[in-house]
Every structure is written in C-alpha cells, then in structure tokens.
Amino acid sequence: MEFSELIRTGRAQAELLRGPEAPPLRGTLCVTGHHLLLSPGPQATSDLWLLLLRSVDSIEKRVAGDSGTITLRCKDLRVLQLDIEGVEATLDIARSIEALSSLESVITSFPFFYRPKGLRLGDAWHFHPPEHYYKRVARETNAWRLSEVNEDFSVCPSYPRAVIVPRAVDDDALKRSARFRQGGRFPVLSYHHAPSGTVLLRSSQPLTGPQKRRCAEDEEMLRAVLAGARPGARGFIVDTRSSQTAKQARMTGGGTEAKAAYPGWKRLHRPLERGRPLQESFVRLVEACGDLEQSMDRWLSRLEGCRWLAHVKEALSTACLAAQGMEREGACILVHGAEGTDSTLLVTSLAQLILDPLSRTMAGFQELVEREWIQAGHPFQLRCAHSAFSHARPKHEAPTFLLFLDCVWQLGRQFPLSLEFGEGLLLALFEHAYASPFGTFLCNSEKERCLCEVRTRTHSLWSGLNQPKEQRKVRNPLYVLNPLAIWPSVEPQSLRLWQGLFLRWTRPPEPSEVAWEKVWQIVTDKEKTEGSQPTVSAPEPQS
Amino acid sequence: MSLLRGVLGMELIGISVKLFLNFQEKLVLLDSALILDVPLGVISRIEKMGGATSRGENSYGLDITCKDMRNLRFALKQEGHSRRDMFEILTRYAFPLAHSLPIFAFLNEEKFNVDGWMVYNPVEEYRRQGLPNHHWRITFINKFYELCDTYPALLVVPYRASDDDLRRVATFRSRNRIPVLSWIHPENKTVIVRCSQPLVGMSGKRNKDDEKYLDIIRETNKQISKLTIYDARPNVNAVANKATGGGYESDDAYHNAELFFLDIHNIHVMRESLKKVKDIVYPNVEESHWLSSLESTHWLEHIKLVLTGAIQVADRVSSGKSSVLVHCSDGWDRTAQLTSLAMLMLDSFYRSIEGFEILVQKEWISFGHKFASRIGHGDKNHADADRSPIFLQFIDCVWQMSKQFPTAFEFNERFLITILDHLYSCRFGTFLYNCESARERQKVTERTVSLWSLINSNKDKFKNPFYTKEINRVLYPVASMRHLELWVNYYIRWNPRIKQQQPNPVEQRYVELLALRDEYIKRLEELQLANSAKLSDPSTSPSSPSQMMPHVQTHF
C-alpha cells in the first residue's frame, strides 16, 4: 500500500496552538506517511515541529470563511489546534490525518521505518529476555524448570516461547493443563520470593464450565507448586473477579478452582475493574481534567466520581494482599481473573515492585515491564488502540497498563528514594505504549511480534531510553537501594491524582522542572566529586 | 518556680505509666510503646467522661480536645479520686488565665545562643525597601499608640499627608486603622497599603480627608490614574457591614479608585470549615467518600480564594498597573493574609528563613492580628466566637506555594509545622497578646523567649536543600482546585497510618546531598586554583572550569 494514496494534500500554511503555556507556531504544514510536520520557514529549520500521526486520538475540523481549524486530541492527552489557510486544504489535511492515524497494519507502521542515529537494529532486544530471570530462578530453587513446550506458540498463543513451571510437571501435563485454561494460559511462575521461598504464579481462569469439569494435570501442577515450596505450604488463589462474576463465568465455559480439587489452596476474591468500565473511568477523568470552564467548586467530587483513584486503590491493595501472602504468611499465590492478560498482570507486577528491590532499579523495572506485560501477552495493540479522546465506541480498549503506571507513580511518591527511575520514565512508557517510533509495544503477543519480525526490523524502546542523553529525564537522582519491601498506604488521603500525567498539558511545567534540574545538579555534582561518571544503566540483575 | 507545678503521677488503666506535668509545662506520657508529649498550651478543652456508675472499658476518664487537630482520651481507674486531682491540675495549668496564673512563656527559662527578638527591626525593614523616599515618610505619630492602639508604633505614610491629616482619616476608619504602607515595589514604586473598612454606615457618610488621603496615595505614582481597592470580603458582607457603621468605598466618593471584592469569608466560616476538616480526619479518616467529604469542608476552596486574592494584589503591583489598598472589616485577619501572601509572591527576601520571620513579625504580629483572641492562649473558653484559624490558613497557603515552587523557599515543611506548634504551645512569647501595645505593656520581649531564637539557633534543621536564591522573581502559584492539596503531613499527622509516610528519609537524603555538595564546591575551588596554573590547555578534562562555573554561580 502506498501512503501517497492517503495523502490528499501535500502542504498548507497554518498556525499551531499548543495550549496556554507554549507560544503559537506559524509555518508550512505538511503531511507525510507517518508524521505531521510544521516547518516555520527557511530561517529557523531547527524549530521543525513534528507529530507522529499514530498519536492522534481524535480529530475535529471546522471551517469558516476561507480558513479552517483542526483540533487534534492526542493519545498522550495533549490537545493541539491548527488554524489552516484555505477550506479545501483544511478538509484535505483533516482527511489525510484521519486515514493515516487509524491505519491498522503493523508492518507499515512507523517503527518499521524509524532509523535513529546512534542506534543499531537488533540492539537492546536482548536486554531483558524473561529467560534470564527464569534460568536464575530455576538455578536457585531446584523445584522449577524452563520449559520449551510453547516453542512454536501452539500450546498458548499469548505466552512467550519460554515459560517456567514446576520441575515435577512434564510437558504433556502442561499441554493438558493448557487445554483446561482459557487461551491456554496454564499456571506459570511469575516471581520467586527468595526470602520466604514462596512463589507468585499467574494463569487464566480454569474452564470448569457448568458441569464443573476438572483436570487432573492442572490440579497436579498446583500440588507440585506447594510441594516445591516446602512441606505443608499453603496457597492462595487471588481471583480478580467477584465470586459472583466468577460463578457466572461457568455459564460461558469458564469458572474457578473448586475447593475440593485443589487441597491446600484457598480462594480469595478481589474484584478489580477492567475493560470498558476502566476505559470509561479514564475517559471521564481526562474529560474532567481538561474541562477548564467547569466551576472548580465541584472538582473534588467530580474527581471522586471518575473513580480512577478508587481503581488505583483497589489495584494497590490487591497487590499488597498478594505480596503479604508471600512475605508474611509464607504462602504461594496464584493470581488470575478471566483471560489473565489484564488485571492479573497488574497484580503480579505490582506485588513484585512491593517485594523485590531489584525490580525497583532501572534495569529491573524495564525487565519487569518486558516480562510481566509485554512477554506475558498483555494485548497492547488492542488495549491502546485509542486513548481517552476517541469518539468511537471502545471495543477492546482499556487503560490497564496506564493504571499500572499510576500505581507505580503512587509508590514512587510514597517512597521517594526507593525507585531508581523517576516520573519521566513512567510518562515515557505511557506515551510509547499508545504511540511510539519504537517496536517494543507493538502487537498483542510475542507470537505476533515474531510473525511481524519486530525484533529484527524495529528498534527497541529500551535502547532508546537507555541512551545517555535520556538519563536525566528517566532516572531518579535521589535513589538509594532499599532492601526492604515497600508497603504503600492505600488510604484515600495517601493517594493523589497523578498531576504530572493528567494535568501535564494544562499546568505550567516550569517550577517542577526547575526542581528536578536542581536535584540532578546536586547529585551530579556529588558524583563528579567522587570522581565517577554517572551510571548510565545499572548492570543487569540476571546474569 | 516552675518546678513547683509539680509532678502529677497517676495510673492509667491497662498500662501502668506515669503521666506527669513536667517543668516544661507539657503533658508527658512515657511507655515503651508510646511517647506522648503535649504542651499544655495546645489544650483547648478538658472534659470528664463517665461517672461513678460507668462500667465497661475506657468509659471513665478524661477527654482532652487539642487545638492542633487531635483529641486525647485517658481512661482512668475509678478508685482514689485520681481523676479529680488530674482534672484540677490540668485545668489550672492549661488555662492559667482563669486562675490568675502567668502563661508559661513568662516562666520558661530556656536559653538560646541567638536572640530572636532582634530579628525584626521595623526601621531596618523599611530601609531595606528603600524607605523613606520622596513620597513616603516614617511617622512616629503612634509612638504611644494614641492614634491607633492596635497598630505598631512606627508607620509609613505618604509624605504629603500631615500628622493632622492622619488623625482626621483615623476617625473615618474602623478602630482608627488608617491606610499605611506595607510594601513598595523597588522599581515601579507602586505600593501595597493596608487599612480597615471606612465608616460609611447606613447613611452613606463621606469623609473628605479620607478621600483626599487615598488620592494622595494614588498620586505617589504620577502616571497612574486609579488606585485599586481590594475589599477581601464578599460583596454582600461588605454591604451588611453598613448596618453596624462600616462599609466600603463607593464610586461616587472615590472617583480615582476602583474597588473589587475578593469573596473571602469571615473568621466564623473559616472556624467551622476547619472543624469539618477535623471531623473527617480525626480520630478516623473518612474513607469511603474521602474526596467529596473533603470538598464538603470547603477548606481548600477557602485556601483557593485567599491565594487568588493575593495573586491579584501581587499582579497589580508587579505589573505596575496601580497601587493597591487592601482591607476587610477590621484589617487584621483577611487583610493580613492578603498583604503577607502578596509580599511573599513579590519579594524573594521573605522566602528566606529570616525574611519569613520578618514578614510574620511585621504583617501579623506588629499590625495587630489578634493572636490571643484567635488562638485563646491560656483561656478556658473553648467556644469563644473570636477563635479562628486565620493564621493557620495563611501558613497552609504558604505550604501550597512551597509545594508548587520547590526551590523558591529557604525553609522546609518542618519550619512551617514548628511555627504552628508554637502558635499554641505558649512556650514562646512570639504569638502572645493581640497587639504591640499590649505586648509592650507586658514587656514580652524582656520577659519571654522568642520562637525565632529556637529556630535561628538551629537553622539547618529548617532548611530546604533545594533552595535557589533568586532576586526579583515573582511567584504566581496556580490557585486552581486541581493544584491544591490537603496538607496531609499537618492535618493528618496524628494518624498512625499516615505517620510512616512522613518524609524523614527524604530529608535525611537531602542533608547528605547538601553536605556532599559543599564538599564538592570546596574541591572545585582547589581544582580551579590548580587549573589556573595551566590555562593554556582548558579542554584537558571534563571538569574544566568553564563547564563547572555555572554550578558554582547558581549555588545557594
């Protein structure tokens, strides 16, 4: 397919308004296959303004007289206004943007064309493969082994090639367990908590159905998990649905683990919102944050009415529950909801951040995102197809990953020294998950990424972020290793609206940036004094 | 003498600990698990709970309501009249005024190596502002507090207004609080002037002298055609005040002035609002509808209005559009909030530790904010309608600003909380009495210690490590509800679940960094000395002076 077919007009004169804080920009507007460019004229080429078309969430056009206005609402929650000379030009540009921003084909997307200076294709894709982590756990415990049963993605299309399972369970049993779990997502290890010797597992719901079917291999697997932890160990199954919803799921073939079938395991229900209600909460919150006309007297109750902070609270407290089960009670934990690709990952990844100091380092956190979200099969392409501004009825969109980032931000606010990365990294992950020149968040699963040859044909976000020039944006200058678990307070007055994200484009950024710069200055001064260079990226925790 | 106040030993049910009033006039309770340390000044109310027939756990004892957002409940044994003794002793020393006893500050014999009373010298502060000048003079007309008994002895007034003019203007201003200068812009010379409401009354009285006086103020800036008057009150309240003889400047009478109302409510509204905040945070935090409960207290909304008002005052003056006159009814509550906050936005000097002390000393203490009435030091009448958290609200606004401008203030959160703690503690003389004349009569500066002695002799504890001194930068905080937060570390600090969230480790880290930074600067100087010897090759190392210099120049 040729992009040129979709580009109705090459260029037009336009003025760009970027919100109250930035000065307007005048120049020649130009639509290319992947970008919208505004070139302010021959004298100032350095001020070329560039927008990835993929990051346009919704577009609105208005014409009056012989000019028009296009309002672009972006996936990173920015709102841009373009005043364009010429009615025809306006309509053509609007149509071009509409067509190009909603292209669904992965292999024609920008990451397949992006060739930045200083980066080499194929670099950094080897930074954080989950195998490293799995091999380490297998080495440390003896009770677990790496399995290649999913080498060709036939057992579970949304799992990566390598998974880690109890040593006592063979590949045939895994296959049968996979047939008993939705989407083939049989229980696999997510995290091994060495101090207590317990493990965190995740899966999808069992397919018990109305007949309350059972699966001997699945039961055997969970028995083996407990036996591998220590004699007499107990387990908790954290179901992220209400018990009512879990029961109803039987009617459509799903269900939940029967008590009698899984001795030693106790089921706990912690309903977490997902899917459409979560997306709607996000949309309402962004609407409230952008509504500058609205009388401010009602802001707090409107914020409460969006329920976003309630979702943050629920996610964090469920993660605390899982983490507590392991650390305090010495129990193994299995987390699942229905598909096991959304709220399940939210809980397992947050629980690791709470417990594991390594996952709070820069490299460890990137590894966590890679292992627990990208490789674990969170369907980024479906969930992040649209952000909060799309007028289209949401189909599969849900801001689960954003909710995760928000929870991490809350952890960072409550433990300002314990995370090696700063708000800048979280903002970057949010932006790149929705629209990115890098290939990291493309597709819905490792299988799809292999089919599209993402690893060989696109650049990894991690190599982009780990460049020295990005360090000041993404690292937390105040970080000191905290070997303890960090238990967040989930009281409502301890949780805040993430202003840096939700009010990013409507608040003056200057004071907080000045402060950030100041902290950096102090820290780098310190490092210079000590005669050492700032660490660009910490050594990988795996090897 | 203070030791005579004795030690009150008593046993509490469950834990056998000693609770005693020590010579620091504090209620101290020591137990392996719990240390309670309450200055008696903080106590607002003591009640007996339960009677001789009370049964059940913790149903008999004392309930103590504090001024700093907490209540204490002591469960006591019913035998041996211990409660009666405790009640009497506590009441006596918590409310000394009712028992003709001196307030603790007069007994406190603490010594510090810095004298906080020396911090504020009005002549010096006005000189710092470039006063007197061609248009403004310092007058001693109020030397013996005869013109206005709630104003300080030293006032700055227009050069062209004679002392007789001032006396005539005083007759037309509530409690004789005439318009006087608070702050002058160093470049454009516009000013912030403060006063009380004019005594217009129902009949719409006018006063030529007052009108002329305001015009003289306007004329200190030749090019400006209007004087801006900010009446802090809501419009309706200002109108209602006419019934009691007050009012506001009408357009007819004051041609060269324009008047705006800032909609800030009175002391009673603020008191009730804070009471609601306490209801939702103590003893248990309202969880299920936290945000809408918080909204229903309207506390942040009041903060927003105060800040918005101050921003308007600051903007008028810094843009040179006009001079500003600020008043409310008496000019000692809302007016003090507005002038001091506007000055904090305009003048970076007030953002240093000593500068802030001077600001409080000047705009609040010397200009007669009625601390004794608003706080009720040593007074047992806990329901007194004169009590109101106006000063707390001001400190809250300062905290909101420091959140939004993390590098602009030399002081940290602990500094603000310490000020608030000693607002109630009665350990220092700083906040005692309603006005300067009363303080002078009581010889407060001779007989008590200043809070600034405590702070200035231990300044490092109160410093913000990220402070970057900037001259002439005007700070405009965002006064939108979206950007205001409840000050959790103050209002909810007694909640044990919040307590672990206190930023102690961060402070620790900051201090560490500061020390390292100082060391760095020292080494850099050495390096520069070494480098100046080999000027010919400046590009040898990454630490060449040209690259390092900016760091040095922007340092504290």
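Residues numbered from 1 in each chain as written. Chains lettered and ligands numbered in written order. Predicted model: local features only at pLDDT ≥ 70, side-chain atom pairs only at ≥ 80, totals over all residues. Heavy atoms only, no water.

**Details of the sheet that holds strand β7 (residues 79-85) of chain A**
Residue and element names in this part refer to chain A. Going by this rule: Note on pairing: DSSP must find at least two bridges between two strands before they are called paired. Numbering of helices and strands runs from the N terminus; a helix is a DSSP stretch of H or I covering at least four residues, while a strand is a stretch of E covering at least two. In this analysis, axes come from line fits to C-alpha atoms, helices being fitted only over the stretch in contact, and the angle between any two N-to-C directions falls in the range 0 to 180 degrees. By the convention used here, residues are in contact when the closest approach between their heavy atoms is within 4.5 Å.
Taking strand neighbours across the sheet as the criterion, the 7 strands line up as β4-β3-β2-β1-β7-β6-β5 in an open arrangement whose pairing is antiparallel. The strands lining the two open edges of the sheet, one partner per strand, are β4 (49-52) and β5 (56-64). The average undirected angle you get between the axes of adjacent strands in this sheet is 30°. Pairing of strand β6 (residues 67-74) with β7 involves 7 bridges; the strand directions are antiparallel. By the bridge assignment, S67 is partnered in β7 with E85. Helix α1 (residues 87-101) contacts β1 (11-17), β2 (25-31), β3 (35-39), β5, β6 and β7 of the sheet and is inclined by roughly 165° relative to β5.

**Concerning the packing of helix α9 (residues 343-355) of chain A against helix α10 (residues 362-374) of chain A**
Residue and element names in this part refer to chain A. We count it as follows: Orientation is classified from the angle alone, with under 35 degrees giving roughly parallel, over 145 giving roughly antiparallel, 65 to 115 giving roughly perpendicular, and any other angle giving oblique. The crossing is said to be left-handed when, going from far helix to near helix, the turn is anticlockwise and less than a right angle, and right-handed when the turn is clockwise. For this scheme, ten residues count as nonpolar: Ala, Val, Leu, Ile, Met, Phe, Trp, Tyr, Cys and Pro. Four count as charged, namely Asp, Glu, Lys and Arg, and the remainder, Gly too, count as polar.
Between α9 and α10, the shortest axis-to-axis distance is 10 Å and the interhelical angle comes to 155°. As the angle between them shows, α9 and α10 are arranged roughly antiparallel. As α9 packs across α10, the resulting crossing turns out to be right-handed. Along the contact surface, α9 presents L345, L346, T348, S349, Q352 and L353, while α10 presents F365, L368, R371, E372 and W373. Residues that form the contact of α9 with α10 fall into these classes: 6 nonpolar, 3 polar and 2 charged.

**As for unusual backbone geometry**
Put simply, the test is: Classification of residues uses two cut-offs on accessible area relative to the type maximum, computed with a 1.4 Å probe and protein chains only: under 20% is buried, over 50% is exposed, and between them is partly exposed.
That bond from L131(B) to P132(B) is cis: its omega, 0°, falls within 30 degrees of zero. In this structure, P132(B) sits in the loop between α2 (122-128) and β7 (136-139). Its identity as a non-glycine residue notwithstanding, R307(A) has a phi of 65°, on the positive side. Within the secondary structure layout, R307(A) lies in the loop between α7 (299-306) and α8 (308-327). Look at C426(B): it is not a glycine, yet its phi comes out positive at around 65°. Its place among the elements puts C426(B) in the loop between α13 (413-425) and α14 (436-441). Judged by its relative accessible area of 7%, C426(B) falls in the buried class.

**A short note on a positive patch on the surface**
All names here are of chain A. Threshold: Only residues above 30% relative accessible area that lack a salt bridge enter a patch, with like-charged residues linked at up to 9 Å and the nonpolar side chains Val, Leu, Ile, Met, Phe, Trp and Tyr linked at up to 5 Å. Per-residue and other accessible areas were derived by the Shrake-Rupley procedure at a 1.4 Å probe size, with only the shown protein chains allowed to occlude residues. One side-chain nitrogen of Lys or Arg within 4 Å of one carboxyl oxygen of Asp or Glu is enough to make a salt bridge. Positive residues here are Lys and Arg, negative ones are Asp and Glu, while His and the chain termini are left out of the count. Where a charge lies is defined by one atom per residue type, namely NZ (Lys), CZ (Arg), CG (Asp) and CD (Glu).
Residues K212, K247, K259, K266 and R267 make up a contiguous surface patch of positive charge. With respect to the element layout, K259 can be found in the loop between α5 (243-248) and β13 (265-269). A relative accessible area of 71% places K259 in the exposed class.

**A word on the confidence of the model for chain A**
Low pLDDT means the predicted atomic positions in that stretch should not be read closely. Residues and elements named next belong to chain A. Quick note on the threshold: One confidence number per residue, pLDDT, is output by the predictor and ranges from 0 to 100.
Per-residue confidence for chain A gives a mean pLDDT of 87, with 91% of residues at or over 70. Helix α19 (residues 510-529) is the least confidently modelled element of chain A, averaging 66 in pLDDT, while α9 averages 97, the highest of any element. Counting interchain partners and residues more than four positions distant, the pLDDT-below-50 stretch residues 532-543 has 21 contacts.

**Some thoughts on the nonpolar core**
For the record, the criterion: Nonpolar cores are built from buried Ala, Val, Leu, Ile, Met, Phe, Trp, Tyr and Cys residues. Side-chain atoms within 4.5 Å join them into one set.
F365(A), F404(A), L429(A), F502(A), F356(B) and F391(B) are the most contacted members of the largest nonpolar core, which has 214 residues in total. Ignoring any residue separated from it by four or fewer positions in sequence, one finds F502(A) in contact with L77(A), F282(A), L285(A), V286(A), C289(A), W308(A), L402(A), D406(A) and L497(A). Residues Y151(B), F172(B), V200(B) and I229(B) belong to the second largest nonpolar core, which totals 38 residues.

**Focus on the UniProt feature "domain: Myotubularin phosphatase" (unreviewed entry) in chain B**
Using the following cut-off: UniProt positions are given in the numbering used here, feature names are shortened, and annotations may be inferred rather than shown by experiment.
Cross-referencing UniProt, the feature "domain: Myotubularin phosphatase" (unreviewed entry) maps to residues 116-491 of chain B in the present numbering. Its end C-alpha atoms 28 Å apart, residues 116-491 of chain B is made of 42% helix and 8% strand.

**Some points on the packing of helix α12 (residues 400-414) of chain A against helix α13 (residues 423-434) of chain A**
All names here are of chain A. Following both chains from N to C, one finds α12 and α13 inclined at 175°, their axes separated by 10 Å at the closest point. Here α12 is positioned roughly antiparallel relative to α13, judged by the angle of their axes. Contact residues: F401, L402, L405, V408 and W409 in α12; E423, L426, L429, F430 and A433 in α13.

**Looking at the UniProt feature "domain: Tyrosine specific protein phosphatases" (unreviewed entry) in chain B**
Feature annotation in UniProt places "domain: Tyrosine specific protein phosphatases" (unreviewed entry) on residues 297-359 of chain B, given in this structure's numbering. Counting secondary structure, residues 297-359 of chain B comes out at 65% helix and 6% strand; the distance between its end C-alpha atoms is 29 Å.

**A closer look at the sheet that holds strand β10 (residues 188-193) of chain A**
Residue and element names in this part refer to chain A. One open sheet accounts for 5 strands, arranged β10-β11-β14-β12-β13; its pairing is mixed. Looking along the sheet, the strands with just one partner apiece sit at the ends: β10 and β13. Pairs of neighbouring strands in the sheet enclose a mean axial angle of 20°, with direction left out of account. Of the pairings in the sheet, the one linking strand β12 (residues 235-239) to strand β14 (residues 332-336) comprises 5 bridges and is parallel in character. Following the sheet pairing, V238 is matched in β14 by V335.

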